[in-house]
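Each chain, written out:
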Amino acid sequence: MAESRTSSVSVGNPVKPGTLVRVALRLLWRDWRGGELRLLLLAMIMAVTSVSGIALFTDRLERALLQESANMLAADRVMSTREPPPRELLTEAQSMGLATAEYIAFASMAFSDQDNLLVSVKAVSDAYPLRGSLQVADQVFGAPYVSGQGGPSRGEVWVESRVFSGLDIDVGDNVYVGESEFTVTRVLVLEPDRQQGGMMDNAGPRLLMHLDDVPETNVIQAGSRASYRYLFAGDQRALDAYTSWVRNQYDGLYRLRDVRDESAEVSEALSRGESFLMLGSLFAVLLAGVAIALTARRYSERHFDYAAILKTLGCTSNQISVIYFCILFVLLVLAVAVGSALGWLLHEGILRMLRSVIPIDLPSASGMPFVVGALTALICLFAFALPPLLALKHTSPLRVLRKDIGDAPLSTALPYVFGIVGGLSLILWYSQDLLITGILVAGVLSVAAVLSVLSYVLLRSGTAAGMRAGSAWMLAMSAVRRRRRQSVLQVLVFSLTIMCLLTLGLLRTDLIADWQAQLPENTPNHFLMNINNDQLDGMQNYFDRNNLQANPFYPMMSAGLLQVNGAPAPLPWDNDRPGAPSSVTERSAGEPEPGLGAEAAADSVGEGEMPRRVENRQVTYTGQLPPDNEIVAGSWWANDNRPNEVSVELDYAQRLGLQLGDELVFRLGQDEVTVNVTSFRTVRWDNMQPNFFFIFSPGTLEFIGATYLSTLLLEGEQKMLLNDLLRQYPTIVVLEVDALIEQIQTIIAQVSSAVELIAVLVLVAGALVLLSCVNATLDERFRENAILRTLGAGRKLIMSSLLIEFAFIGMLAGVIATLGAEVSVYYLQVEVFQQEFFPHYWVWFAGPVAGTLIIAGLGVGATRRVVNTSPLAVLRHLSG
Amino acid sequence: MASMVEARHLSKRVSTSEGELVILNDINLSIAAAETVAIVGASGSGKSTLLGLMAGLDGASGGDMLLDGHNLSTMDEEQRAQLRGQSVGFVFQSFQLLPSLTALENVMLPIELKNDRNARQKAAQLLQRVGLESRVTHYPNQLSGGEQQRVAIARAFASEAKILFADEPTGNLDTTTGAKVIDLLFSLNKEYGTTLVLVTHDDRLAQRCRRIIRLVAGEITEDSAIAEDSITGEAVHG
């Protein structure tokens, strides 16, 4: 008997890597031809396509939107001051490679030989505007065109149409500003940053002149109220460098602002849109990831036998890993190549489709979206596809003798850990936001938790009931019960998919509805301020005579809060935690708009200034609750006979720590007024309407003199009536916000289109997941149904049982998905989109019904082959 | 003559919900090179388990298992895989061809894994030898059961294994086809001088081997040599 050699002995030559690669490629090619890999590759391509397509689209759209928003500033960054800022600020920016421009805005009287008019003068340098363009016309109401040069040359002015009627002049006539005479050479139709700045910039129709002409007018003296603006444009790096230089050099004295600082409405629309697009592409990727996981799992299950046979032929575990790693790598390369190309086509298609709603020229795309697509594919592959395939190396070679061995490795926790970690990294990477990640993870976890309980209970009771019902029902329920683990997994995947779709659908609907509600059609676009009591009737008559849609006149006065319940009133910012800038920013974002009507320069954030502590507020009294205000605590006064009550805006009340019933003492001029807090209100700050922190009940403040504020909708040629109105009531101040409203509406329309499209893409990704999930059980169904058919079960019986099985699973998934979607939407709306949440009752019906119909349709569609293939062919194929 | 396979006090036990189940108990045997051995027994007697242990597809619970001089009990799965690749060929009841590879590619696989550059040529010759030269580009599901088993036999000899394990090689075939396949197996075995260990419950097929080992309830109850002249000739006709 020969002595045995020990295990350390080398047995033959190890298999060369090249051989393994060749084997891998051959397997890959054969599996591809056999259709085994198609769904896996399709899922990966889908992931890359949706990510790179959406990334390309959003990359270009976002840059276009930023550009569009930059147009609203006429620059990328703006610096505003009340005093002429040091020239060094401009020269340093130029030395850093930034383009610069400047202007001064001030209100002044303009004269013609016939008449005079208060105009808001804007004196611009040659380079103005740095972003966007000036639109002019050669005659009043003539066809507008883009001015080839910047602003007017020296000695010339361009004026808005209203100035022509106000001064009774024509193009070519002369006007006087201060001590200078100018020739009117063009009609100014549109300036990109028309609505930026404060009252001074917008107090009357625009007169545009050259900056160098200002000194000769002698209008601006020491102490004159003028607004100075420096404009900067350039690439992001230079802008960032310059911003930090200004911060370091001037220690916060001067501040560069972008469109997000300047316009709360645009900023909000943009950031909500971005959040949605991000969320959409995230959902698409996660869904594609699930599809990849499911198809990879199915592929690996079909390859247990391969691995076992390869092991009997001498392949080691590591060599098997190398083979399947090679296969995945080739798939990855293919998916990235094909997906990127399709992504490009996709985004081109979207752009063509949306050409009418995206009128702006999009800047060319950067390479980043492709990198994002490729990285996503890589993460998806490692997280979702690699674990089940690498599990193949643990297949026991004994499986060649006993087929029941070898399924165990996949039940280990590793693939799930990989999947969860991968999914989390994707969410975090995409959202760059721990909050959204947290919400999504909580949503998924709660669905999983609810699912495990619900599916157990429902599957149990459903199947128990089913066992007593007809034979198709019995077959279906016994199938559900037999595959309980798979059924639970299917319900989980289906409900997550439907939940993603529902969440996105609901968010989309609410987001767009909210935007439309923010600035509905016929939103008043002019503020009338400084109206005296004795002008009210006359103005109302004027509006009626000219069919103008006017709104209530709000009396306005400045009030300072002195005491709360006898104690000195805290300042509204006292309750802020130190270093909590978000609340201050949020407040200052909301304030400039009420400021349009209520606070103006007194309370709101001043130009170029940091938010400062405030005591005085513009207040009003009225019997009618203003639109977009909602009482959330206490009650609005029912009639006009209850003086000495006050309604406080909710956030503001919380900052002051006010309670219902508190006694407040206000000082108004020389008088003091004591009132009780009887209600708290929420206010929609972004609706471009007059809004107030404090509204007093009628009969409280009438003895104090007030000026009035109202809003007015003026469209098209109606605008010319302003001159007439101002001539009759020269003391009133008109604030024109029509251009701003129009710009915001354009941006909102664009973002809405993008939002719609992303929802469609996620739908496609969702369908892919559903298909993969149904396919995952296909082999087993084939085998079972072939056996049933050989035992004499008819085609109709099998089809009915399949229909019932999928409908049942779909209904379960629909119920759970609806629950998960409502919870997710609640958190997303409240925490991310800053919207109010309302339950969507219709979804509670639509979710389960849609789940039932979609899953039943998809399931039966995909498994129809089960009854259309001959049982013998099935059994031979599966045993082979 | 040197032992190709040697089992020393080999045992296999598995835990079940009803306690420990002994599948093989104190198996001792030695199989010489070029010997043809049939392991017979009823279903559940432990013959397939013994084959799995002898071929290094599974680990024993006790005792030593030596294959081609290597003690499998002290080797890990990676080393056993390499040993299988070098020394062992298999023929299975359910053929175990890779369904996505053609007949030729299935036979090429073990040759390629030995880094042999002439894989295609050698595989084609073997397929010709088993009478399937016209079927080289067919996939397993395009072949009949008998043809698939012939491909499996060609693959088993392709690796120039020293020992061939066959697990119920005719179990999935009708009698006539089974007989032809067995003829081919024994003829090739003779040609290549391979050791053949064949598991079957068919006594007549067992009669074609030089030695029969009978298992009953996991223990060897009979180990008998068969005289040369009494070995059943050509066929195992039903």
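All values reported here derive from a predicted model rather than from experimental measurement.

A. Highlighting the overall build of chain A. Scanning chain A from terminus to terminus reveals 26 helices and 22 strands. Per-residue burial over chain A gives 55% buried out of 880 residues. Looking at chain A alone, contacts between residues at least 24 apart form 82% of all its contacts between residues at least 6 apart. Accessible surface, chain A: about 36,300 Å² in total, of which carbon and sulfur atoms supply 57%.

B. Structural context of the overall build of chain B. Looking only at helices and strands, chain B features seven helices and 10 strands. By the burial criterion, 55% of the 238 residues in chain B qualify as buried. Sequence separation of 24 or more characterises 68% of the internal contacts of chain B that already satisfy a separation of 6 or more.

C. Region of the structure containing a nonpolar patch on the surface. Residue and element names in this part refer to chain A. Taken together, F325, F329, V333, M368, V371, L375, L378 and F382 make up a surface patch of nonpolar side chains, about 680 Å² in accessible area. Those elements that place two or more of their residues in the nonpolar patch are α11 (317-353) and α12 (368-390). The dominant element in the nonpolar patch, judged by the number of residues it contributes, is α12, at five residues.

D. Expanded view of helix α7 (residues 236-250) of chain A. Residue and element names in this part refer to chain A. In a regular helix each residue adds 1.5 Å, so 15 residues correspond to 21 Å; α7 covers 21 Å between its end C-alpha atoms and thus fits that length. All buried positions along α7 are accounted for by A238, L239, Y242, W245, V246 and Y250. One side of α7 carries all its buried residues, which in axial view fall inside an arc of 125°. Away from its buried face, by an angle of more than 90 degrees, α7 presents the exposed residues R237, R247 and N248. Looking at the buried residues of α7, the elements they touch are β1 (77-81), α3 (88-95) and β10 (227-233).

E. Structural context of the environment of I292 of chain A. Residues and elements named next belong to chain A. Considering the arrangement of structural elements, one finds I292 in helix α9 (residues 264-302). Residues I292 and A43, 249 residues apart in the sequence, show an inter-C-alpha distance of 5.5 Å. Once you skip the residues sitting within four places of it in the chain, I292 turns out to touch L40, A43, M44, A47, C380, F384 and A385.

F. Highlighting the packing of aromatic side chains. Counted according to the given criterion, the structure contains 15 aromatic pairs over all chains. Relative to Y242 of chain A, the ring of F232 of chain A lies with its centre 4.8 Å away and its plane at 45°, an arrangement referred to as tilted. Remark: Y242 of chain A occurs in helix α7 and F232 of chain A occurs in strand β10; sequence separation between them is 10 residues. Owing to a relative accessible area of 0%, F232 of chain A belongs among the buried residues under this scheme. Here Y242 of chain A falls in the buried class, since its relative accessible area comes to 0%. Measuring from centroid to centroid gives 5.3 Å for F90 of chain B and F92 of chain B, while their planes differ by 10°, and the two rings are stacked. Overall, the relative accessible area of 2% leaves F92 of chain B in the buried class. Ring pairs connect the aromatic residues F232, Y242, W245, Y250 and Y254 of chain A, which therefore count as one cluster. The ring of Y103 of chain A is capped by K122 of chain A, whose NZ or CZ atom sits 4.5 Å from the centre of that ring.

G. Seen up close, the interface of chain B and chain A. Each side of the interface is counted separately: chain B has 44 residues, and chain A has 43 residues. Carbon and sulfur atoms supply 56% of the area buried between chain B and chain A, which totals about 4,000 Å² over both sides. Together, Q96, L113 and N115 of chain B form the three largest contributors to the area buried by chain B at its contact with chain A, with a combined 16%. Counting across the chain B and chain A interface gives three salt bridges. Element by element, the count of residues in the side of chain B that touches chain A is highest for helix α2 (residues 77-87) of chain B, at nine residues.

H. How the structure looks around the nonpolar core. One finds L279, I323, Y324 and I327 of chain A together with V5, M54 and F165 of chain B to be the most contacted residues of the largest nonpolar core, which totals 151 residues. Ranked by residue count, the leading element in this core is α9 of chain A, at 16 residues. Each of two domains, domain 1 (20-76 + 260-432) and domain 3 (439-523 + 737-880) of chain A, supplies a minimum of three residues to this core. With near-sequence residues (within four places) excluded, F165 of chain B lies in contact with V5, L51, M54, A55, L67, V88, G89, F90, V91 and V197 of chain B.

I. Region of the structure containing the sheet that holds strand β8 (residues 195-200) of chain B. Residues and elements named next belong to chain B. As summarised here, the arrangement of the six strands in space is β6-β7-β8-β3-β9-β10, forming an open sheet in which the pairing is mixed. In this open sheet, the two strands that pair with only one neighbour each are β6 (88-91) and β10 (219-225). Adjacent strand axes in the sheet meet at a mean angle of 15°, parallel and antiparallel pairs treated alike. Summarising the sheet, strand β3 (residues 36-41) and strand β9 (residues 211-216) pair through five bridges and their orientation is parallel. Paired with I39 across the two strands is I213, which belongs to β9. The sheet strands contacting α2 are β6 and β7 (163-167), and the helix crosses β6 at an angle near 80°.

J. Inspection of the confidence of the model for chain B at higher detail. Residues and elements named next belong to chain B. With 95% of its residues at a pLDDT of at least 70, chain B reaches an overall mean of 86. Across chain B, the secondary-structure element scoring lowest on mean pLDDT is helix α7 (residues 203-206), at 84, and the one scoring highest is β9, at 93. Across residues 234-238, where pLDDT falls below 50, the model places 14 contacts with residues more than four positions away in sequence or in other chains.

K. Molecular detail of a negative patch on the surface. A surface patch of negative charge is lined by D113, D168, D170, D173 and E181 of chain A. Relative to the helices and strands, D170 of chain A resides in the loop between α4 (161-167) and β7 (174-177).

L. Geometry of the pairing of strand β19 (residues 671-683) of chain A. Residues and elements named next belong to chain A. For strand β16 (residues 629-634) and β19, the ladder comprises five bridges, and the chain directions are antiparallel. Residue pairing for β19: N629 is matched across the bridge by V683. Where strand β17 (residues 645-649) and β19 come together, five bridges link them in parallel fashion. Along β19, the bridge assignment pairs S647 with S679.

M. Representation of the sheet that holds strand β1 (residues 3-16) of chain B. All names here are of chain B. Spatially, β2-β1-β4-β5 is the arrangement adopted by the four strands of the open sheet, whose pairing is antiparallel. The open sheet has two edge strands, β2 (19-32) and β5 (70-71), and neither has a second partner. In this sheet, strand β4 (residues 62-67) lies alongside β1 in antiparallel orientation, the contact comprising five bridges. The partner of R8 across the bridge, within β4, is D64. In the packing of helix α1 (residues 47-54) onto the sheet, the strands contacted are β1, β2 and β4, and the crossing angle to β2 comes to about 60°.

N. Fine view of the pairing of β17 of chain A. Residue and element names in this part refer to chain A. Taking burial as the measure, the five residues of β17 include five buried ones, the bulk of the element. Along β17, one buried face is formed by E645, S647 and E649 and the opposite face, lined by V646 and V648, is buried too. In this structure, β17 lies alongside strand β20 (residues 694-696), joined through three bridges in antiparallel fashion. Note that in β20 the partner of V646 across the bridge is F696.

O. The arrangement of the confidence of the model for chain A in detail. All names here are of chain A. Per-residue confidence for chain A gives a mean pLDDT of 76, with 79% of residues at or over 70. Helix α18 (residues 581-590) is the least confidently modelled element of chain A, averaging 28 in pLDDT, while strand β6 (residues 156-159) averages 93, the highest of any element. Within the model, the stretch residues 1-9 combines pLDDT values under 50 with 18 contacts to residues more than four positions away or in other chains. Contacts from residues 573-614, a stretch scored under 50 in pLDDT, to residues over four places away or in other chains number 76 contacts.

P. Spatial organisation of helix α5 (residues 145-158) of chain B. If you check α5 of chain B, its first and last C-alpha atoms are 20 Å apart, about what 14 residues at 1.5 Å a residue would give, namely 20 Å. Taken across its 14 residues, α5 of chain B has 12 buried, putting it largely inside the fold. What α5 of chain B keeps buried is the set G146, E147, Q148, Q149, V151, A152, I153, A154, R155, A156, F157 and A158 of chain B. Tucked into the core, α5 of chain B has its buried residues touching α10 (304-312) of chain A together with β6, α3 (103-113), α4 (119-129), β7 and α6 (175-192) of chain B. In the stretch just after α5 of chain B, E160 of chain B is the one whose phi turns positive, near 50°.

Analysis parameters
Residues numbered from 1 in each chain as written. Chains lettered and ligands numbered in written order. Predicted model: local features only at pLDDT ≥ 70, side-chain atom pairs only at ≥ 80, totals over all residues. Heavy atoms only, no water. Helix = DSSP H or I, 4+ residues; strand = E, 2+ residues; numbered from the N terminus. Buried < 20%, exposed > 50% of the residue type's maximum accessible area, 1.4 Å probe, protein only. Contact = heavy atoms within 4.5 Å. Areas by Shrake-Rupley, 256 points an atom, 1.4 Å probe, with all protein chains shown as cover. Patch = residues over 30% accessible without salt bridge, like charges linked within 9 Å, V, L, I, M, F, W, Y side chains within 5 Å. Salt bridge = Lys/Arg side-chain N within 4 Å of Asp/Glu carboxyl O. Expected span 1.5 Å × (residues − 1). Arc of directions from axis to C-beta. Phe/Tyr/Trp six-rings, centres within 6.5 Å; stacked < 30°, edge-to-face > 60°. Lys NZ or Arg CZ within 6 Å of the ring centre and 35° of its normal. Buried area = accessible area lost by both parts, 1.4 Å probe. Core = buried A, V, L, I, M, F, W, Y, C linked by side-chain atoms within 4.5 Å. Domains from an automatic or database assignment. Pairing = 2+ DSSP bridges. Axes fitted to C-alpha atoms, helices over the stretch in contact; angles between N-to-C directions. pLDDT = per-residue confidence, 0-100. Lys, Arg positive; Asp, Glu negative; His and termini not counted. Charge placed at Lys NZ, Arg CZ, Asp CG, Glu CD.

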